[in-house]
Amino acid sequence: AKRIDRGGALSYKPHMEREVRSRREIENDLRLALAEEALRLEFQPIIDARTGEVVSSEVLVRWYHPVRGEIPPSQFVPIAEEAGLMLSLGSWVLKRACETAARYPDLKSVAVNLSPMQFMSANLPELVRNALMETGFDAGRLVLEVTESVLIRDADAARDMLTSLRDLGVRIALDDFGTGYSSLSYLRQYRFDKIKIDKCFVDEIGITSDGLAIIAAVIALAHNLGLEVTAEGVEKKFQAEALRTLGCDSLQGFYFGRPQPEPVMTVDPKLIEAI
Ligand code: C2E
Ligand code: CA
Ligand code: CA
Ligand code: CA
């Protein structure tokens, strides 16, 4: 909707102006929300596929805007990245996540998402180390989730970053596995501890015969490389059953539990018995 007018300056159509304005408003409000600690964390359980135990919790940031209501992270995380707010947002999340998880000594681990910008920021290892030190949380219980996009930008920097982070004793998961371009080769080139099979593959279970075959192949490959496998977006009993039969290590999704204000230590045993 952008065009160049005769004077050479950019002019915008009215709807575009509105978009720009609301984006800027969101940006300013997000800045305030950060300052006022108006953001919240939620925790979604990750279940051991064999025992049904809660083995981990994924941390998901929430923003309840006083006027606009709930704004999803898929919307404000990119705005935060562009506005240069992501590093402070990310460090707030990390510290609060460690602080909360430290209050749950029985929770084996907690998983925190890192945006591409966070992952590429040189002081990330120090930030992680500080969060662990200040909260007394054990590095071995922290999992950091990154997406493939961080590997594409600068392969060498990404490799160095993975090494520095793993040297701290934290584990790294490759998130949204299968949604990028060359996922399979990345598994050999970079050292991850686990992969998270994206929901879009789980959605294919029972719909196409290929769906199951792809998941089976991914699990086999990952296990051969010594990686743990979590499946995301498990909503149905039959999906959980299939994934468990295929040897998937852990399961996450609305079938077991939605994100909650505090980590949960168990899920309804009936749900586990059923699979
Ligand atoms: P993600 O890391 O892939 O997180 C999983 C998303 O799937 C979450 O959405 C979660 O609520 C949702 N989900 C979990 N189980 C199911 C299910 O069974 N069915 C369906 N339909 N959805 C399910 P959410 O919380 O809206 O987060 C969206 C994305 O925003 C995340 O995707 C992640 O990329 C980003 N994000 C969330 N929190 C943070 C954060 O603290 N830092 C950063 N950098 N990114 C975050
Ligand atoms: Ca994630
Ligand atoms: Ca994911
Ligand atoms: Ca995702």
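This section reports on the structure supplied with the text. It should be emphasised that the depicted structure is a prediction, and the values quoted were computed from it without experimental measurement.

1. Brief notes about the overall build of the chain
Item 1. Along its length, the chain carries twelve helices and eleven strands.
Item 2. In the chain, which comprises 275 residues, the share counted as buried stands at 47%.
Item 3. For the chain, the exposed area adds up to about 13,900 Å²; of that, 52% sits on carbon and sulfur atoms.
Item 4. Here the chain contributes 33 positive and 41 negative side-chain charges, whose respective centroids are spaced 3 Å apart.

2. Side note on the coordination of the calcium ion (ligand 3)
Item 1. Distances from the calcium ion (ligand 3) to its protein donors, Asp175 (OD), Asp176 (OD), Glu232 (OE) and Glu232 (OE), fall within 2.2 to 2.4 Å.
Item 2. Binding-site remark: the calcium ion (ligand 3) is held by donors from one chain whose sequence spacing is D-D-x55-E.
Item 3. Classification of Asp176 as partly exposed rests on a relative accessible area of 27%.
Item 4. The class of Glu232 is buried, set by a relative accessible area of 11%.

3. Some points on the site of ligand 1
Item 1. Contacts to ligand 1 come from 22 residues, most closely from Gln44, Arg62, Asn113, Glu235 and Phe254.
Item 2. Between Gln44 and ligand 1, the recorded distance is 3.0 Å, taken from a side-chain N or O atom to a nitrogen atom.
Item 3. Glu58 is positioned with one of its side-chain polar atoms (N or O) 3.2 Å from an oxygen atom of ligand 1.
Item 4. Coverage of ligand 1 by the protein chains reaches 78% of its 800 Å² of free accessible surface.
Item 5. Considering every element that reaches the shell around ligand 1, the biggest residue donor is strand β4 (residues 54-65), with four residues.
Item 6. Residues of the shell around ligand 1, tallied by class, amount to nine nonpolar, six polar and seven charged.

4. Here we look at the coordination of the calcium ion (ligand 2)
Item 1. Around the calcium ion (ligand 2), the donor atoms from the protein are Glu58 (OE), Asn113 (OD1), Glu145 (OE) and Asp175 (OD), and they sit 2.1 to 2.4 Å away.
Item 2. As a motif over one chain, the donors of the calcium ion (ligand 2) read E-x54-N-x31-E-x29-D.
Item 3. Owing to a relative accessible area of 26%, Asn113 belongs among the partly exposed residues under this scheme.
Item 4. The class of Glu145 is buried, set by a relative accessible area of 2%.

5. What about the pattern of salt bridges?
Item 1. For the coordinates displayed, the defined rule picks out 19 salt bridges.
Item 2. The partner of Arg31 in a salt bridge is Glu27, with the nearest N and O atoms 3.9 Å apart. Separated by four residues within a single helix, Arg31 and Glu27 lie in helix α1 (residues 14-35), roughly one turn from each other.
Item 3. Its relative accessible area of 21% is what places Glu27 among the partly exposed residues.
Item 4. The salt bridge partner of Lys237 is Glu241, with a shortest N-O separation of 3.6 Å. With a gap of four residues between them, Lys237 and Glu241 both fall in helix α11 (residues 237-245), about one helical turn apart.
Item 5. Lys237 sits in the partly exposed class, given a relative accessible area of 40%.
Item 6. The partly exposed category is assigned to Glu241, whose relative accessible area is 30%.

Each value, and the rule that gives it
- Residue positions are given per chain, counting from 1 as you read along its sequence in written order.
- Naming scheme: in the order in which they are written, chains are lettered from A and ligands are numbered from 1.
- The predicted origin of the model limits local features to residues at a pLDDT of at least 70 and limits the giving and counting of side-chain atom pairs to 80 or more, whereas totals for whole chains, interfaces and linings rest on all residues.
- The basis for every side-chain value is the complete set of heavy atoms in the structure, and neither hydrogens nor water enter the calculation.
- To qualify as a helix, a DSSP run of H or I must reach at least 4 residues; to qualify as a strand, a run of E must reach at least 2; elements of each kind are numbered from the N terminus.
- Residue exposure (1.4 Å probe, protein chains only): buried if accessible area is under 20% of the type maximum, exposed if over 50%, otherwise partly exposed.
- Values of accessible area rely on a 1.4 Å probe in the Shrake-Rupley scheme; residue burial ignores everything except the protein chains shown.
- Charge convention: Lys and Arg are scored as positive, Asp and Glu as negative, and His as well as the terminal groups of each chain are ignored.
- Where a charge sits is defined by one atom per residue type, namely NZ (Lys), CZ (Arg), CG (Asp) or CD (Glu).
- Metal coordination here is assigned from N, O and S atoms located within 2.8 Å of the ion, or within 3.2 Å for Na, K and Ca; omission of water means that sites may look incomplete.
- Only a single heavy atom is needed: when it lies within 4 Å of a molecule or strand, its residue is near that molecule or strand.
- Two N or O atoms count as a polar contact when they lie within 3.5 Å, although within protein this holds only if one can serve as hydrogen donor and the other as acceptor, and sequence-adjacent residues are included solely when both atoms are side-chain atoms.
- Side-chain classes are defined by residue name, with Ala, Val, Leu, Ile, Met, Phe, Trp, Tyr, Cys and Pro counting as nonpolar, Asp, Glu, Lys and Arg as charged, and the others, Gly among them, as polar.
- Between Lys or Arg on one side and Asp or Glu on the other, a salt bridge is scored when a side-chain nitrogen of the former is within 4 Å of a carboxyl oxygen of the latter.

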